[in-house]
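Structural features, examined
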Amino acid sequence: MDGTPPAYHLDTGSGAGNRSWVVNLEGGGWCNNARTCRFRTGSRHGSSDHMERSIAFTGIMSAAPVDNPDFHSWNRVKIRYCDSASFAGDTYDEALGLHFRGQRIWEAAIEHLLAAGMASAEQVLLTGCSAGGLAAILHCDQLRALLPDAATTVKCLADGGLFLDAVDVAGGRSLRSYYGDVVAMQVVAPNLPKTCTDHLDATSCFFPQNIIDGIKTPIFLLNAAYDAWQIEQSLAPNAADPSGAWRACKFNHSACNASQLQFLQGFRDQMVAAVKGFLRVQQQRAVHQLVLRSLPVRADGHLEQCSRWLSCSPKQGDCKVCR
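So, a few notes on the structure that sits alongside this text. Note that the structure is predicted; figures quoted are calculated from it, not measured.

A short note on the pairing of strand β2 (residues 20-25)
Most of β2 is tucked away, with six of its six residues classed as buried. Alternating positions in β2 separate into two faces, Ser-20, Val-22 and Asn-24 on one and Trp-21, Val-23 and Leu-25 on the other, with burial throughout. Bridge count between β2 and strand β6 (residues 123-129): six bridges; the pairing is parallel. When the bridges of β6 are listed, Val-22 appears paired with Leu-125. Of the pairings in the sheet, the one linking β2 to strand β3 (residues 75-79) comprises five bridges and is parallel in character. Of the residues in β3, the one forming a bridge with Asn-24 is Lys-78.

Points about the packing of helix α2 (residues 102-115) against helix α3 (residues 131-146)
Two elements in contact, α2 and α3, have axes separated by 11 Å at closest approach and are oriented at 35°. By crossing handedness, the relation of α2 to α3 is classed as right-handed. Two secondary-structure elements touch here, α2 through Gln-103, Trp-106, Ile-110 and Leu-114 and α3 through His-139, Gln-142, Leu-143 and Leu-146. In terms of residue class, the contact of α2 with α3 is built from five nonpolar, three polar and no charged.

Overview of the side chain of Ser-234
As for its placement among the helices and strands, Ser-234 is situated in helix α6 (residues 228-235). A relative accessible area of 0% means that Ser-234 is categorised as buried. Apart from the residues within four sequence positions on either side, Ser-234 is in contact with Leu-164, Asp-168, Ser-174, Leu-175 and Trp-229.

Observations regarding the state of the cysteines
What the rule picks out here adds up to four disulfides. Here Cys-140 is linked by a disulfide to Cys-156, with a sulfur-sulfur distance of 2.2 Å. Disulfide Cys-140 to Cys-156: torsion about the S-S bond roughly 100°, handedness right-handed. In this pair, Cys-140 sits in helix α3 while Cys-156 sits in strand β7 (residues 153-159), placing the two residues 16 residues apart along the sequence.

With respect to the layout of surface pockets
What the largest pocket holds in volume is close to 160 Å³. Lining the largest pocket are Trp-30, Asn-32, Ser-174, Leu-175, Tyr-178, Trp-229 and Gln-233. Of all elements in the fold, only α4 (174-185) and α6 reach the threshold of two or more residues within the lining of the largest pocket. Among the elements that make up the lining of the largest pocket, the one with the highest residue count is α4 (three residues).

Here we look at α3
An α-helical segment advances 3.6 residues per turn. Residues three or four places apart therefore align on the same side. With 16 residues, α3 should reach 22 Å at 1.5 Å per residue; the first-to-last C-alpha distance of 22 Å fits that figure. Of all the bends found along α3, the most pronounced is centred on His-139 and spans about 50°. Looking at α3, one finds that the buried residues are Ala-131, Gly-132, Gly-133, Leu-134, Ala-135, Ala-136, Ile-137, Leu-138, His-139, Cys-140 and Leu-143. Here the buried face of α3 lies against β2, α2, β6, β7, α4 and β8 (219-224).

About the thresholds
- Residues numbered from 1 in each chain as written.
- Predicted model: local features only at pLDDT ≥ 70, side-chain atom pairs only at ≥ 80, totals over all residues.
- Heavy atoms only, no water.
- Buried < 20%, exposed > 50% of the residue type's maximum accessible area, 1.4 Å probe, protein only.
- Helix = DSSP H or I, 4+ residues; strand = E, 2+ residues; numbered from the N terminus.
- Pairing = 2+ DSSP bridges.
- Axes fitted to C-alpha atoms, helices over the stretch in contact; angles between N-to-C directions.
- Left-handed = near helix turned anticlockwise from the far one by under 90°.
- Contact = heavy atoms within 4.5 Å.
- Nonpolar A, V, L, I, M, F, W, Y, C, P; charged D, E, K, R; others polar.
- Disulfide = S-S within 2.5 Å.
- 1 Å grid on protein atoms, 1.4 Å probe; cavity = no way out; pocket = protein on both sides within 12 Å on 5 of 7 lines; lining within 4 Å.
- Points joined across faces, edges and corners; volume = space filled by probe spheres on them.
- Expected span 1.5 Å × (residues − 1).
- Bend = angle between axes of the 7 residues up to and from the residue.

Shown next as structure tokens:
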């Protein structure tokens, strides 16, 4: 966001994986106003001047067969996150001196990777967790359209990216208000899926629940049914809980009273309802997959950080993510 060049890390494939690619979109939250966005320009989430020059590839990105049996020999790419709108913004705020170019960064990175050999790929898997998981959902069909060979198998995997337009403990919609600021500040609307914006407003179309039914490319969703980040920041943020009644509960669910547990159960029910259409599409096309884990934990990192990610990511029957 400070105008420095975008970046990605690449570990080239070998052997049987030489013509297969994993493209990982880094996560890291969002910013929604001048103060928070300026703050991020002093970090790796807003400036390549602050990014590490090399990073460890773990989990689904690992080169170790014991940790990553299916993808260790593939070309593995991590596109660094530095726009704070899930790679979907496209504007320059001259007054603030902030560059919001996530969509251009996405397109430029893919163009560069195509020239580096991905254009002739046999298989491509787009992944991401948290804000990167949302980005994988937003860009899944875009990736299919950008790959020149129709014979290339393209699939997507969003880990912990199923953010809901949920009512908070005060009866408001904290995350919707936050997302609305992100969408407006970064001019995200033109880059959102047209299958959503043709009948809903742009803020609604930044929520995965309103996008997933229209995705044509095979996609796998992995998410906690009781997402800890959403409980803490969307359902019971400090602004919606000035008395602190939820302070203990949102960080330790054994401290929740009966009505609080009922409220959390309602959130889980909303998440299940949000994916019913997705499941119907799955049955019709036999291509989409969904795992909702009923654990009060954050879902992101299951695929990227677990030392043996397959043991952390349950399969649906005999289904594998990409093969």
